[in-house]
Structure formats: C-alpha cells, structure tokens
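Descriptive structure summary
The lines below spell out each chain.
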Amino acid sequence: MTREEALTKAREIVAAQATNSRGFSDGASFRERVDATERYARFLLGEDAE
C-alpha cells in the first residue's frame, strides 16, 4: 500500500467513525481527527505510531 492509499483509507475510516447515523459530526475536534488519520495511516503502512 502506498502512502497516498493509506492516507485515503485512513481518512475514510476516521470520517466514518466520527459521523453518527444521521450524518452529523460527533464533536471531535479537527486536531483529534488529524491525529487519528495519521495513526491509522501509519498502522496501515506498518510503521510505529509515536
């Protein structure tokens, strides 16, 4: 998996987890979403998340 693919997939995962069934945000801050996206992408690439 390339870095671009990992970031795309990570964004999809974070967006799905941060959105309730009615399509509204769960209140997670932008910084929390960015951090979660980075952690997922690192995981998908097999890198250690710091």
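Throughout, residues of each chain are indexed from 1 in the direction in which the sequence is written. A pLDDT threshold of at least 70 governs which residues receive local features in this predicted model, and a stricter bar of 80 or more applies before side-chain atom pairs are shown or counted, although totals over entire chains, interfaces and linings include all residues. Neither water nor hydrogens contribute to the side-chain values; these are computed over all heavy atoms in the structure.

Secondary structure summary: the protein chain contains 2 helices and 0 strands in total. Going through the 50 residues of the protein chain one by one, you find that 14% of them count as buried. Contacts: residue pairs with any heavy atoms within 4.5 Å of one another. The contacts of the protein chain with a sequence gap of at least 6 include a subset with a gap of at least 24, amounting to 56%. Using the Shrake-Rupley algorithm and a 1.4 Å probe, accessible areas are obtained, with residue cover drawn only from the displayed protein chains. Accessible surface, the protein chain: about 4000 Å² in total, of which carbon and sulfur atoms supply 52%. His residues and chain termini do not enter the charge count, which takes Lys and Arg as positive and Asp and Glu as negative. A charge is said to be at NZ when it belongs to Lys, at CZ for Arg, at CG for Asp and at CD for Glu. One finds the centroid of the 8 positive side-chain charges in the protein chain at a distance of 5 Å from the centroid of its 10 negative side-chain charges. Put simply, DSSP marks the helices as runs of H or I at least four residues long and the strands as runs of E at least two long, and each gets a number from the N terminus on. Between buried and exposed lies partly exposed: a residue is buried under 20% and exposed over 50% of the maximum accessible area for its type, with that area taken using a 1.4 Å probe on protein chains only.

Let us now look at the pattern of salt bridges. For side chains bearing opposite charge, pairing can occur when the charged atoms are close. Salt bridges are defined by distance alone: a side-chain nitrogen of Lys or Arg within 4 Å of a carboxyl oxygen of Asp or Glu. Tallied over the full model, the rule gives 5 salt bridges. Here Arg 31 and Asp 35 are joined by a salt bridge, their closest N and O atoms 2.8 Å apart. Separated by 4 residues within a single helix, Arg 31 and Asp 35 lie in helix H2 (residues 30-45), roughly one turn from each other. Taking the relative accessible area as the measure of exposure, Asp 35 reaches 25% and is therefore partly exposed.

As a further point, take the environment of Leu 44. With respect to the secondary-structure elements, Leu 44 resides in helix H2. As for Leu 44 and Lys 9, which are separated by 35 residues in sequence, their C-alpha atoms are 8.6 Å apart. Beyond its immediate chain neighbours, meaning those up to four positions away, Leu 44 contacts Met 1, Ala 6, Lys 9 and Ala 10.

Looking now at the environment of Leu 7. Structurally, Leu 7 is set in helix H1 (residues 3-17). The partly exposed category is assigned to Leu 7, whose relative accessible area is 29%. The sequence separation of Leu 7 and Arg 31 amounts to 24 residues, and the corresponding C-alpha distance is 16 Å. Beyond its immediate stretch of four places on either side in the chain, Leu 7 contacts Thr 37 and Ala 41.

Quick look at H1 now. The terminal C-alpha atoms of H1, which comprises 15 residues, lie 21 Å apart, in line with the 21 Å expected from a rise of 1.5 Å per residue. Buried residues along H1 sit against H2. Multiplying one less than the number of residues by 1.5 Å gives the expected span of a helix.

Shape descriptors only; they carry no functional weight alone.
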